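Tertiary structure, described
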Amino acid sequence: MTISTKQWQYALFTLFLVPGLSLSTWISRTPNIRDTLQASTSLMGWIIFGLACGSLIGLLTANGLIGRVGTKSVIVMCLFVICIGLMTIGISATFFKSALLVFLSLVFFGLGFGMIEVAINIELHLQPL
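Thresholds, definitions, all that
Residues numbered from 1 in each chain as written. Predicted model: local features only at pLDDT ≥ 70, side-chain atom pairs only at ≥ 80, totals over all residues. Heavy atoms only, no water. Helix = DSSP H or I, 4+ residues; strand = E, 2+ residues; numbered from the N terminus. Buried < 20%, exposed > 50% of the residue type's maximum accessible area, 1.4 Å probe, protein only. Contact = heavy atoms within 4.5 Å. Axes fitted to C-alpha atoms, helices over the stretch in contact; angles between N-to-C directions. Parallel < 35°, antiparallel > 145°, perpendicular 65-115°, else oblique. Left-handed = near helix turned anticlockwise from the far one by under 90°. Nonpolar A, V, L, I, M, F, W, Y, C, P; charged D, E, K, R; others polar. pLDDT = per-residue confidence, 0-100.

Following the sequence through the fold, valine 74 ends up in helix α4 (residues 71-96). Assessed through its relative accessible area of 0%, valine 74 is described here as buried. Sequence separation between valine 74 and serine 55 is 19 residues; the distance between their C-alpha atoms is 15 Å. Among all residues touching valine 74, those that are not within four sequence positions of it are Leu65, Ile66, Val69, Met115 and Ala119.

Take a look at the structure:
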């Protein structure tokens, strides 16, 4: 089955939109999460550092995973990882009120975010437009 150039462009737009929207939903809730956790500015810095750690791990490990299972499989897997990570951020902050769990959720979320960006870019360069 071949897809048209227009369909491919819409698919890429959507694949770049989903991680961006998910990141913006987390960022917009940061003040509420800080208040819920009663976290200081320095503690929030450490919590947000979890996102950076996860993203770096995702960027560094994406190549090996893509080599084993392919870009499309990694993209689908990472969409689930991002969604689950986003849900666990909210659950960790709201129900458990645990800074450590929010940090770990952000690591998980960042892992999916870093990997999907690499996989989408590789897939973009593999497909002729």
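On to the packing of helix α1 (residues 5-28) against α4. Between α1 and α4, the shortest axis-to-axis distance is 11 Å and the interhelical angle comes to 15 degrees. The orientation of α1 relative to α4 falls into the category roughly parallel. Crossing hand, α1 versus α4: left-handed. Together, Leu15, Val18, Pro19, Ser22, Thr25 and Trp26 of α1 and Ile75, Leu79, Ile82, Leu86 and Ile89 of α4 make up the contact between the two elements. By residue class, the composition of the contact of α1 with α4 is nine nonpolar, two polar and no charged.

To continue, consider the confidence of the model for the protein chain. Looking at the protein chain, the pLDDT average stands at 92 and 98% of residues meet or exceed 70. Within the protein chain, helix α3 (residues 41-69) carries the highest mean pLDDT (97), whereas α1 carries the lowest (86).

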